[in-house]
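# A look at the structure
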Amino acid sequence: MGCGEFQELLAEYAGLVGDARLRVDSHLAQCLGCREFLEALQTVDAALAAQFSGCEPSAAFAAAVRRRVNREAAMWRPSFIPELLDFVGWGAIVGLIALLAWWVSPLIPVWSAKDTLTLNMALAAGGAFVLAAFVIGLRSLADLKH
Amino acid sequence: MEQEIRACLEQKRYQDAFDRLLPEFQNKVFRLAFAMLGDSALAEDIAQEVFVRIWKGLTGFRGQSSLSTWIYTITRNACLTALKAGWTKKESSIEEPSVARAAEKSGIEPSAHAGIDVLRHLQELPQKYQQVLRLYYLEDRSYEEVSRLLEWPMGTVKTYLHRARKELAEAVMQGKIR
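Small disclaimer: the values here were computed from a predicted structure and weren't measured.

Below, the discussion takes up the overall build of chain A. Within chain A one finds six helices and zero strands. The N-to-C order of helical and strand elements in chain A reads α-α-α-α-α-α. Buried residues in chain A amount to 10% of all 146 residues. Relative to all contacts within chain A whose residues are 6 or more apart in sequence, the contacts with residues 24 or more apart total 57%.

The structure is reproduced here in structure tokens:
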């Protein structure tokens, strides 16, 4: 094995065990160049470990992060507009269904009293509208909470 | 801890999740940023930005990857953006606050001479060698951690590390670093 190949092993010298370690030690005893290379590696290792081991952010880091997050949160305000548009949309759908039912109802022979039917339809449409508003309101509150 | 954070996310307790996540990951995020950027002040700034992005993205985190993978990906992307924008400075020194703190902690008198020489020579290595070398020592010489944080294959990490250390060792032998 030439010096080049031993130098590959020298990079892992600290972790070498058994036969590999014996081979390397035996070569080092005879080769000044490789001994100097190992010393140079150890110098580099020690210098870099001293420079970088245990590096941490400053003590104020976490507080600085929380300040930035709080600033971002303050800039964001929940908007009622999407929920309002939802409410209007559903109201329009329920209203249309009620209008359609009122328009179709004379064609159905079962119902004879048009006024009663109109009142019932209006009540049903109103009830459906209130129910839809209640559901949308609950959903809006849940969304805003998050 | 990652399980606890995930449980908070599943229950939509995003603030609780963030409060647990910040102390758990702040050191790793900072070290990864420092390794990639080589400047501790910039690394802190980018690390803060990373946590703001994490806070904003928590509601959309669906758990397709692990939490740590997601966080380190955000960190790497933020650092790559900073590098492309040319925010890094060319030289760093023993006067770097985090480096001085590290030297203090290790009980080693910040040997200005050898430390600065090695750091200066490190700056001349290719960017990828610098990153892997910094992170290797920042992460207590763990190949696995370096591979995981940079998302590089283990073989690549070992190759880059070996070449970087060899170049620095040769510089020592030629007397360029004392």
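From this point on, the discussion continues.
Here we come to the environment of leucine 84 of chain A. Residues and elements named next belong to chain A. Topologically, leucine 84 is positioned in helix α5 (residues 81–104). According to the C-beta neighbour criterion, leucine 84 is exposed, with 12 such atoms within 10 Å. In this structure, the C-alpha to C-alpha distance between leucine 84 and isoleucine 136, residues 52 residues apart in sequence, is 9.0 Å.

The next thing to look at is the nonpolar core. One finds Val44 of chain A together with Ala33, Ile46, Val132 and Leu135 of chain B to be the most contacted residues of the largest nonpolar core, which totals 57 residues. A per-element tally of this core places helix α2 (residues 14–37) of chain B first, with 11 residues. When near neighbours in sequence (up to four residues on either side) are disregarded, isoleucine 46 of chain B contacts Ala33, Leu37, Ala78, Cys79 and Ala82 of chain B.

Opposite the 38 residues of chain B that make contact, chain A presents 27 residues. Broken down by secondary-structure element, the contributors of at least two residues to the side of chain B that touches chain A are α2, α3 (40–57), α5 (97–105), α6 (112–123), α7 (127–138) and α9 (154–173) of chain B. The residue makeup of the side of chain B that touches chain A, split by class, is 23 nonpolar, seven polar and eight charged.

In this section: unusual backbone geometry. Residues and elements named next belong to chain B. Within the chain, aspartate 140 stands out as a residue other than glycine whose phi angle is a positive 55°. Mapped onto the elements, aspartate 140 comes out in the loop between α7 and α8 (143–150). Within the chain, glutamate 151 stands out as a residue other than glycine whose phi angle is a positive 55°. As for its position among the elements, glutamate 151 is in the loop between α8 and α9.

Residue and element names in this part refer to chain B. For chain B, the average pLDDT comes to 82, and 81% of its residues sit at 70 or higher. The element-level mean pLDDT for chain B is lowest in α5, coming to 49, with α3 highest at 93. Here residues 90–95 is modelled with pLDDT under 50, and outside its nearest four sequence neighbours on either side it reaches 15 contacts, counting other chains as well. With pLDDT under 50 throughout, residues 102–112 is counted as low confidence; its partners more than four residues away or in other chains account for 17 contacts. Taken over the whole predicted complex, pTM reads 0.66, whereas the ipTM for its chain interfaces reads 0.74.

Attention now moves to α7 of chain B. Think of an α-helix as turning once every 3.6 residues; residues three or four places apart then point the same way. Residues and elements named next belong to chain B. With 12 residues, α7 extends 16 Å between its outermost C-alpha atoms, agreeing within 8% with the 16 Å of an ideal straight helix rising 1.5 Å per residue. Buried residues dominate α7, accounting for nine of its 12 residues. Listed as buried for α7 are Tyr129, Gln131, Val132, Leu133, Arg134, Leu135, Tyr136, Tyr137 and Leu138. Of the residues flanking the end of α7, it is aspartate 140, one or two places downstream, whose phi is positive at about 55°.

Time to look at the packing of α2 of chain B against α7 of chain B. Residue and element names in this part refer to chain B. The interhelical angle for the contact between α2 and α7, taken along N-to-C directions, is 150°, at an axis separation of 7 Å. For the element pair α2 and α7, the recorded crossing hand is right-handed. Counted together, Arg31, Leu32, Phe34, Ala35 and Met36 of α2 and Gln131, Arg134, Leu135 and Leu138 of α7 form the full contact between these two elements. Tallied by class, the residues present in the contact of α2 with α7 amount to six nonpolar, one polar and two charged.

So, about α2 of chain B. Residues and elements named next belong to chain B. Spanning 24 residues, α2 covers only 30 Å between terminal C-alpha atoms, well under the ideal 34 Å at 1.5 Å per step. The sharpest bend along α2 reaches about 50° and sits at phenylalanine 25. Trailing α2 by a residue or two, glycine 38 shows a phi angle of about 75°, which is positive.

Now for the packing of α2 of chain B against α3 of chain B. All names here are of chain B. Their axes nearest at 8 Å, the elements α2 and α3 cross at an angle of 140°. It follows from the interaxial angle that α2 and α3 lie oblique. Both α2 and α3 take part in a crossing whose hand is right-handed. In this structure, α2 uses Phe18, Leu21, Leu22, Val29, Phe30, Ala33, Phe34 and Leu37 to contact α3, whose residues at the interface are Ser40, Leu42, Ala43, Glu44, Ile46, Ala47, Val50, Phe51, Ile54 and Trp55. Considered class by class, the residues forming the contact of α2 with α3 number 16 nonpolar, one polar and one charged.

Parameters and conventions
Residues numbered from 1 in each chain as written. Chains lettered and ligands numbered in written order. Predicted model: local features only at pLDDT ≥ 70, side-chain atom pairs only at ≥ 80, totals over all residues. Helix = DSSP H or I, 4+ residues; strand = E, 2+ residues; numbered from the N terminus. Buried ≥ 20, exposed ≤ 12 C-beta atoms within 10 Å, placed from the backbone. Contact = placed C-beta atoms within 7 Å. Core = buried A, V, L, I, M, F, W, Y, C linked by C-beta atoms within 7 Å. Nonpolar A, V, L, I, M, F, W, Y, C, P; charged D, E, K, R; others polar. pLDDT = per-residue confidence, 0-100. Expected span 1.5 Å × (residues − 1). Axes fitted to C-alpha atoms, helices over the stretch in contact; angles between N-to-C directions. Left-handed = near helix turned anticlockwise from the far one by under 90°. Bend = angle between axes of the 7 residues up to and from the residue. Parallel < 35°, antiparallel > 145°, perpendicular 65-115°, else oblique.

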